[in-house]
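Listed here are the chains, written in short residue letters.
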Amino acid sequence: MEVKNNIRRLRFEKNQMTQQQLADAAGVTRQTIIAIEAGKYSPSLTLAFKVAEAFGVPIENVFQYEQQGGE
């Protein structure tokens, strides 16, 4: 099971929003955004909604859940 995200693409589509600007909008540190964007950290449901809200898109446009191993 893996959570994928489109944060990098969405940041650039949103007038090249910086990681810090997204962090400020979501109420977390820039390091948290870096970890989520790199796929090293899966956000809480609340944080996932805050990130989606910062982009003005539904949560499924930001995060996708994928099962590994063809199950």
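Above this text you will find the structure in question.
Residues numbered from 1 in each chain as written. Predicted model: local features only at pLDDT ≥ 70, side-chain atom pairs only at ≥ 80, totals over all residues. Heavy atoms only, no water.

Turning our attention to the side chain of glutamine 19. You can see glutamine 19 is positioned in helix α2 (residues 19-26). With relative accessibility at 16%, the residue glutamine 19 sits in the buried group. When residues no more than four places from it in sequence are discounted, the contact partners of glutamine 19 are Arg11, Arg30, Ile33, Ile34 and Glu37. (Helix = DSSP H or I, 4+ residues; strand = E, 2+ residues; numbered from the N terminus. Buried < 20%, exposed > 50% of the residue type's maximum accessible area, 1.4 Å probe, protein only. Contact = heavy atoms within 4.5 Å.)

Tracing the chain through its elements places valine 51 in helix α4 (residues 45-55). For valine 51 and lysine 14, which are 37 residues apart along the polypeptide, the C-alpha to C-alpha distance reads 13 Å. Beyond its immediate sequence surroundings of up to four residues, valine 51 is in contact with Ile7, Leu22, Ala26, Val62 and Phe63.

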